[in-house]
Amino acid sequence: MSDIVKIITGVGVTKRFGGMTAVNNVDFELRRGEILGLIGPNGAGKTTLFNCISAFYRADEGIITYNGNQINRMSPDKICRLGIARTFQAAKNFPDMSVRENVRMGALFGQVGITYDEADRLTDEIMEFAGLDKYAHLNVPDMPLALQKRLEVARALATKPGVLMIDEVMAGLNPTEVGEAMELVGKIRASGVAILMIEHVMKAIMAICDRIIVLHHGELIAEGAPDHVANDPQVIEVYLGEEA
């Protein structure tokens, strides 16, 4: 389709650790306005691919671009300020700061030249958007897991990204909390932010993703619409059958 705009592309992305290839020659694309799911068994290379995109790791081979510009030789801070934000499997909030201070840290870090007043206004906007305004003065250790995960998403949003990469934001949540997380992801996409997400909660990822890519042993084995992927025999054999 001619109206498809690719925001992030990866061509031949490969990452090795010693003699082990964690990601092997993977091609992918994230399109404007979409939610792209990344699934696969534990150890499939999903988080390693995330780490290569965000420069937490440097890919050994391949090219990653953002809006047409190669980024896989940039530092993580430059990639963040360029417009790619991420979360982690285990929420990495600042434990000695309040909820509001955590979000404000994202605002101050993510944009060069932002004033304290501008950061304060942005912080308030993001906290309200993410449903955290009533928890502003809580300390992180006093928060339940669902709110800690939501806080990490809010801090990432405070960097004003064009792309948000979410790593298992629904893991460990109860069904009500999963529903609330799904609603937040939908709001983020509606605000104009494209989303790349790793998730093992199949009900959620099949419901909210436009497309899904599947990794197994570091290789891309399937991609397409959720119903297409869910009926792929190889995906069923190596992953969905295991989940069932």
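Residues numbered from 1 in each chain as written. Predicted model: local features only at pLDDT ≥ 70, side-chain atom pairs only at ≥ 80, totals over all residues. Heavy atoms only, no water.

*Asks:* Would you mind showing me how to read the sheet that holds strand S7 (residues 163–167) here?
*Replies:* Strand pairs in the sheet, formed through backbone hydrogen bonds, run parallel or antiparallel to each other. If you walk across this open sheet you meet the six strands as S6-S7-S8-S3-S9-S10, and the pairing is mixed. A strand with exactly one partner marks an edge of an open sheet, and here the two such strands are strand S6 (84–86) and strand S10 (219–224). When the angles between neighbouring strand axes are averaged without regard to direction, this sheet yields 20 degrees. When S7 meets strand S8 (residues 194–198), the two strands line up parallel, connected through five bridges. Paired with Leu-164 across the strands is Ile-195, a residue of S8. (Pairing = 2+ DSSP bridges. Helix = DSSP H or I, 4+ residues; strand = E, 2+ residues; numbered from the N terminus. Axes fitted to C-alpha atoms, helices over the stretch in contact; angles between N-to-C directions.)

*Asks:* In this structure, what is going on with the pattern of salt bridges? I would like to understand it.
*Replies:* Using the criterion set out here, one finds ten salt bridges in the structure. Between Lys-6 and Glu-29 there is a salt bridge whose closest N-O contact spans 3.3 Å. In this pair, Lys-6 sits in strand S1 (residues 6–17) while Glu-29 sits in strand S2 (residues 20–31), placing the two residues 23 residues apart along the sequence. Residue Asp-120 pairs with Arg-100 through a salt bridge whose shortest N-O separation is 3.8 Å. In this pair, Asp-120 is assigned in helix H4 (residues 116–129) and Arg-100 in helix H3 (residues 99–110), connecting sequence segments 20 residues apart. Within this structure, Arg-100, Arg-104, Asp-120 and Asp-124 form a network of salt bridges that share partners. (Salt bridge = Lys/Arg side-chain N within 4 Å of Asp/Glu carboxyl O.)

*Asks:* I would appreciate a short explanation of the pairing of S1 in the present structure.
*Replies:* Walk down a regular strand and you will see the side chains alternate between the two sheet faces. Both S1 and S2 contribute to a ladder of eight bridges, which runs antiparallel. Bridge assignment links Ile-8 to a residue of S2, and that residue is Leu-30. Counting the residues in the hairpin turn of S1 and S2 gives two residues, including Gly-18, whose phi is positive at 65 degrees. With five bridges connecting them, S1 and strand S4 (residues 61–66) associate as antiparallel partners. Counterpart to Thr-9 in the pairing with S4 is Thr-65.

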